[in-house]
Amino acid sequence: MTDSTKELQEFRAEVSAWMKENKPADPGFLLPQTFMEVGSEEQLDFLLKWQRKVYDAGYLGMSWPVKYGGREMPVAYQRIADKEMLVHRVPIMFNVIGLGWAGPLILKMGSDEEKHRYLKGILTGEDIWCQGFSEPDHGSDLGNSQTTAVRDGDEYIINGTKIWTTFGNYAKYMILLARTNPDAERKYAGLSYFLSPMEVPGVKAVPIQKITGEYGFTETFFDNARIPADCLMGEEGQGWGIAMQTLQFERSAEGGQASEYFAERVTMDDLMKSAKTIMRDGEPLLNDPVVRDNLVTFMMEEKALKLSTVRAGIPALCSDYPLSLALSGKLRASELFRRMRQYAVAIQGAKGGLYVGDADAVEGGFWQRAYFNSFSATIGGGTSQIQANIIGEHVLGLPKS
Ligand SMILES: Cc1cc2nc3c(=O)[nH]c(=O)nc-3n(C[C@H](O)[C@H](O)[C@H](O)COP(=O)(O)OP(=O)(O)OC[C@H]3O[C@@H](n4cnc5c(N)ncnc54)[C@H](O)[C@@H]3O)c2cc1C
C-alpha cells in the first residue's frame, strides 16, 4: 500500500468516523490524564477494553509486521490514527511501556522467538509491561544500579529494589536492568537486561501515592526471585547498551512505537477557552493585555514545537546539529506543557488553590490536576536537568561536568 495523499486523506476520514462512532461514554469515574496515572482496577479494566477495541479495529501497531500482530503499513498511517485519537479526545492507549519502548526494542534487537512470544500480547493489552530501571538511590545515576542477577543453572536469582515502577502492580513482564557482574572494571559492563516475568515468587510491588492523591507506580522488591535464564536479552554485560536504546524509544528520539497516544490532549485552545470564561473586574480575562501577551508567547512556543517535529523528519533542515531536535524533544515539550498548565492555574486567581472535588474549583480542578501531573514528564525518562546535560554533551560537544 502506498501512502499517497489521497489514500491518507481517505484513511483519516475512515479513522475519524470510527472514533466518533466508538468513543466510549464517560465511565462516571476519573480517567487518568496520562499512562502514568492508572491507579485503580476500574480504570485499568476500562482502558484494557478500549485498547483492545482500537487494536481490533486495526488502529494500533499499524507499522509492526503482520506476523507479530501488526499491519505492516507505513508509519504515516499510525500517525494519522494517533492524531485522530487526540482530536476526538478518546481515552489513552494505556500499555505504554510495551507499546512505546519494550515493543520497539524487541522488534529492533530481540530474537525471532522473543518477537513471537511478546509482541502481540503488548498490542492486545493482555500482557502489561513495566520498566525496572530506577532504584531508590539510583535514578539519574542509572549506571550504578545495584539490583543483582546471579545465574543458578537454568535460572537467574534477582535481589534488590526498584522504584517508581509505572504499572508495577499490574504488569506481567518487566524490562529489568540488573547487575550480573559486580566486579566488572567499568560499572556499565556489569549490567545485563532481562525481559523478566513479574508473576513469580519473591516479587512484591507496593503502590506509591502521588501529589495528586492518585496512584500509578510502585516500589518493587525482589527477594530471591527466580526467573528463567532465557529471559536475558542479548548477552550478559550488554545491559547498558540495551537500556540506552530503550531510552531512545522512551524519549521519542527514535520511532517504531505502536502508537504515541499516551496522554490526554491539552492545548492552547483549552487555555484560551479558560481565559475567555474567567472573569476579572466584569470582563473576560482574555481582554487583559498582559494575559494576551503571555498567551501569544505560549501559542508561538506550541507552534514551534509542532514545526520542530516536522522539521526533524527533513534531514536537510537539520544539518547544523543533526541530533539537536531528536535529543531535545522531550525537554522542550515537557517543560512547555508544565509552564502552560502552571499559567492556567495562575490566571484563576484565588480559585487557583482549589482542587478536584471542590464544588467551586474552576473546570472541576482540571488544570490543577494537569499541572501536578505535568511533573511526571519532566522527571520520568530522565529529568530536565539530565536532558540538558545530554544536549550539552552530545549536541553542543561541551565537556562532561
Ligand atoms: C511519574 C513517573 C513515572 C516513572 N516511571 C518509571 C518507571 O516506570 N520505571 C523506572 O525505572 N523509573 C520510572 N520513573 C523514575 C524516573 O526515571 C526517575 O525519577 C528519574 O530518572 C530521576 O531519578 P531520581 O528520582 O532518582 O532523582 P535523582 O537522580 O536523585 O535526581 C534528583 C535531582 O537532582 C538532579 N540531578 C541528578 N543528577 C544530576 C546531574 N548529573 N546533573 C544535573 N542535575 C542532576 C535531577 O535533575 C533532580 O532534579 C518514573 C518517574 C516518575 C516521576
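This one's a predicted model, so the numbers in the text were calculated from it and none came from an experiment.

Rules behind the numbers
- Residues numbered from 1 in each chain as written.
- Predicted model: local features only at pLDDT ≥ 70, side-chain atom pairs only at ≥ 80, totals over all residues.
- Helix = DSSP H or I, 4+ residues; strand = E, 2+ residues; numbered from the N terminus.
- Rg over C-alpha atoms; globule rule 2.2 N^0.38 Å.
- Buried ≥ 20, exposed ≤ 12 C-beta atoms within 10 Å, placed from the backbone.
- Contact = placed C-beta atoms within 7 Å.
- Near = placed C-beta within 6 Å.
- Nonpolar A, V, L, I, M, F, W, Y, C, P; charged D, E, K, R; others polar.
- Domains from an automatic or database assignment.
- Core = buried A, V, L, I, M, F, W, Y, C linked by C-beta atoms within 7 Å.
- Pairing = 2+ DSSP bridges.

S.K.: Before we go on, may I ask you to explain the overall build of the protein chain in this structure?
M.R.: Within the protein chain one finds eleven helices and ten strands. Taken over the C-alpha trace, the protein chain has a radius of gyration of 22 Å; the compact-globule value for 401 residues is 21 Å, and the two agree within 12%. Reported as C-alpha extents along the three principal axes, the dimensions of the protein chain are approximately 75 × 50 × 50 Å. Residues classed as buried in the protein chain amount to 37% of the 401 residues present. In the protein chain, the proportion of contacts linking residues at least 24 apart, taken out of those at least 6 apart, comes to 71%.

S.K.: So what exactly am I meant to see when it comes to the site of the ligand here?
M.R.: Near the ligand lie 22 residues; those nearest to it are Phe133, Gly139, Ser140, Thr383 and Gln385. Among the elements of the structure, strand 1 (129-132), strand 3 (155-166), helix 10 (366-379) and helix 11 (384-395) are those that each provide at least two residues to the shell around the ligand. Per-class residue counts for the shell around the ligand are seven nonpolar, 14 polar and one charged. Each of domain 2 (130-250) and domain 3 (268-395) gives at least three residues to the shell around the ligand.

S.K.: Teacher, can you tell me more about the domain arrangement of the protein chain here?
M.R.: Accessible area lost upon the coming together of the parts serves often as the stated size of an interface. The assigned domain composition of the protein chain is domain 1 (5-126), domain 2 (130-250) and domain 3 (268-395). Spacing between the C-alpha centres of domain 2 and domain 3 amounts to 32 Å. Taken residue by residue, the interface counts five residues in domain 2 and seven residues in domain 3. Residues belonging to the side of domain 2 that touches domain 3 are distributed by class as follows: two nonpolar, two polar and one charged.

S.K.: Explain the nonpolar core to me, please; I cannot follow it from the model alone.
M.R.: As a rule of thumb, nonpolar side chains are buried together in soluble globular proteins. One finds Met93, Ala102, Leu119, Ile122, Trp129, Ala171 and Phe194 to be the most contacted residues of the largest nonpolar core, which totals 74 residues. The biggest single contributor to this core is helix 4 (residues 96-109), with eight residues. Excluding its chain neighbours within four sequence positions, the residues that come into contact with Ile122 are Asn95, Gly98, Leu99, Ala102, Gly103, Asp127, Trp129 and Ala258. By size, the runner-up hydrophobic cluster in this structure holds twelve residues, among which are Ala275, Met340, Val345 and Tyr371.

S.K.: What should I look at first to understand the pairing of strand 7 (residues 217-228) in this one?
M.R.: Taken residue by residue, a regular strand's side chains alternate between the two faces of the sheet. Strand direction decides the pairing type here: strand 3 and strand 7, joined by nine bridges, are antiparallel. If you follow Tyr156 over to strand 7, its bridge partner there is Ile227. For strand 6 (residues 203-208) and strand 7, the ladder comprises six bridges, and the chain directions are antiparallel. The partner of Val206 across the bridge, within strand 7, is Glu219.

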